[in-house]
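Each chain is listed here by its residues.
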Amino acid sequence: MLKIGMVGCGTIATLIVKAVKSGKINPKIVALYDKNRHKSEELGKLTNAEVCNSVDELVTKDLDIVIECASVKAVDETVSKALRNGKNVIVMSVGAFADKNLFLKLYNLAKENNRKIYIPSGAIAGIDAIKASSLGTIEEVILTTTKPVEGLKDALKNLGMDACTISKPTTVFEGDVFEAIKEFPQNINVSVVLSLASKIPAKVKIIADPSAVSNKHEIMVKGSIGIIKTTVENKPCNDNPKTSALAAYSVIRVIKDLSEPVRIGT
Ligand SMILES: NC(=O)c1ccc[n+]([C@@H]2O[C@H](COP(=O)([O-])OP(=O)(O)OC[C@H]3O[C@@H](n4cnc5c(N)ncnc54)[C@H](O)[C@@H]3O)[C@@H](O)[C@H]2O)c1
């Protein structure tokens, strides 16, 4: 049985715990850590997992894998310490890997320690085909993300924009993946997954739509294999409109695949 530790006890961690409790997946959740102790204690009540006081404490437990589902800022510490303690890692806050130096550092650390870093496909479709097509030549990768204004509110506020004044679909960002993740760190993890899979920095457009009820991600990839186009209209999680239900399912699926004898897709 796969033994799991989780750093970050918010929306995604809660959905992972619910998937275990409902029998969708059958790992053992051994340890939890959240910088907000109340969150880890609340989630601890749903499992028999030990509530830890730090990442250092969590990574010394008897675990097969550590799941980072906290924040971009938590990635370096969590992944480095987990790998150094011989644990595999799943990273959800993949926006952290817009920092190429951090990605390279953790890639090399995983190699040195003979461990793996898993990056779920998140809230987008087509990563399997994009990964395969990257073995040919990819010329262009475009991501257009349309979200309800509510889900972009915090990022817009940080940029000095008042979300309340948006009364029609409005392009609030156009640029490359590196700029996108700086300005919308909690909203645009998918652009980094896309860029890592295609090995091409994605061009990103973000639209705030006051009438939208889903987080929509449209992808266009052009390359030597032809053209890939995908669209997903994601339902936001009830507890956190920034996070799509599919993103949580993608990590739950990775956990399931780790215990299955057959793996489907690239
Ligand atoms: N890869 C994807 O497609 C994708 C999709 C959705 C969300 N995400 C990312 O996954 C992460 C978790 O998402 P969520 O919806 O569960 O968020 P959430 O806000 O509901 O929960 C995050 C939890 O992590 C805790 N936390 C934050 N920083 C921490 C730190 N440094 N150490 C320990 N705990 C910390 C918070 O207190 C909170 O309880 C976020 O970074 C989010 O951007 C990725």
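Parameters at a glance
- Throughout, a residue's number is its position along its own chain's written sequence, starting from 1.
- Confidence filtering applies because this is a predicted model: local features only for residues at pLDDT of at least 70, side-chain atom pairs given and counted only at 80 or more, and all residues used for totals across whole chains, interfaces and linings.
- For the exposure call, what matters is how many other C-beta atoms sit within 10 Å of a residue's own: 20 or more marks it buried, 12 or fewer exposed, and in between partly exposed, using C-beta atoms placed from the backbone.
- A run of H or I in DSSP counts as a helix once it spans at least four residues, and a run of E counts as a strand once it spans at least two, with each numbered from the N terminus.
- Contact between two residues is assigned whenever their backbone-derived C-beta positions fall within 7 Å.
- Each residue gets a C-beta atom placed from its backbone. If that atom is within 6 Å of a molecule or strand, the residue is near it.
- Side-chain classes follow a simple rule in which Ala, Val, Leu, Ile, Met, Phe, Trp, Tyr, Cys and Pro form the nonpolar group, Asp, Glu, Lys and Arg form the charged group, and the remainder, Gly included, forms the polar group.
- One requirement defines pairing of two strands: DSSP has to find at least two bridges between them.
- With the strands pointing away from the viewer, any crossover whose connection runs clockwise from the first strand over the helix to the second is right-handed.
- Nonpolar cores are identified as sets of buried Ala, Val, Leu, Ile, Met, Phe, Trp, Tyr and Cys residues joined via C-beta atoms within 7 Å.
- The split of the chain into domains comes from an automatic or database domain assignment.
- Orientation is described by axes fitted as lines to C-alpha atoms, over the contacting stretch for helices, and by angles from 0 to 180 degrees between their N-to-C directions.

## Let's talk about helix α1 (residues 11-21)
Alright, step 1. Of all eleven residues in α1, eight are buried; the element is thus mostly enclosed.
Alright, step 2. All of the buried residues in α1 are Thr-11, Ile-12, Ala-13, Thr-14, Leu-15, Ile-16, Val-17 and Ala-19.
Alright, step 3. Structurally, α1 contributes buried residues whose contacts are with β1 (3-7), β2 (28-33), α2 (37-46) and α10 (245-258).
Alright, step 4. Immediately downstream of α1, the backbone of Gly-23 shows phi near 85°, a positive value.

## What about the site of the ligand?
Alright, step 1. Contacts to the ligand come from 29 residues, most closely from Gly-8, Gly-10, Ala-74, Gly-122 and Ala-247.
Alright, step 2. Contributions of two or more residues to the shell around the ligand are made by α1 and α9 (189-198).
Alright, step 3. With three residues, the single largest contributor to the shell around the ligand is α1.
Alright, step 4. The residue inventory of the shell around the ligand, partitioned by class, reads 14 nonpolar, eleven polar and four charged.

## Section: the sheet that holds strand β6 (residues 117-118)
Alright, step 1. In space, the six strands of this open sheet follow the order β3-β2-β1-β4-β5-β6, with parallel pairing throughout. Pairing within the sheet leaves two strands with one partner each, and these edge strands are β3 (50-51) and β6.
Alright, step 2. With four bridges connecting them, β1 and strand β4 (residues 65-68) associate as parallel partners. Considered in β4, the bridge of Gly-5 is made with Val-66.

## Regarding the pairing of β4
Alright, step 1. Along β4, one buried face is formed by Ile-65 and Ile-67 and the opposite face, lined by Val-66 and Glu-68, is buried too.
Alright, step 2. Taken together, the four bridges between β4 and strand β5 (residues 88-91) define a ladder with parallel strand orientation. Directly across from Ile-67, in β5, lies its bridge partner Ile-90.
Alright, step 3. Since β4 and β5 lie parallel, the crossover through helix α4 (residues 75-84) that links them has a hand, and here it is right-handed.

## Focus: the nonpolar core
Alright, step 1. Judged by nonpolar contacts, the single largest core of 82 residues is most densely connected at Met-6, Leu-32, Val-66, Val-89, Val-91, Val-193 and Leu-194.
Alright, step 2. If near-sequence neighbours (up to four positions away) are discounted, Val-89 is found in contact with Ile-65, Val-66, Glu-68, Val-79, Ala-82, Leu-83 and Ile-117.

## Some words on the domain arrangement of the protein chain
Alright, step 1. Taken domain by domain, the protein chain holds domain 1 (3-122 + 247-258) and domain 2 (127-242).
Alright, step 2. Between the C-alpha centres of domain 1 and domain 2 the distance comes to 24 Å.
Alright, step 3. At the interface, twelve residues of domain 1 touch 14 residues of domain 2.
Alright, step 4. Residue composition of the side of domain 1 that touches domain 2, by class: six nonpolar, six polar and no charged.

## Here we look at the sheet that holds strand β11 (residues 226-234)
Alright, step 1. Across the sheet, which stays open at both edges, the five strands sit in the order β8-β9-β7-β10-β11 with mixed pairing between neighbours. Looking at the sheet topology across the chains shown, the edges are occupied by β8 (170-176) and β11. Strand after strand, the sheet turns through a mean of 10° between neighbouring axes, direction not considered.
Alright, step 2. Inspection of the sheet shows strand β7 (residues 138-148) paired to strand β9 (residues 203-209) by seven bridges, in the parallel sense. Residue pairing across strands places Pro-148 opposite Asp-209, the latter belonging to β9.

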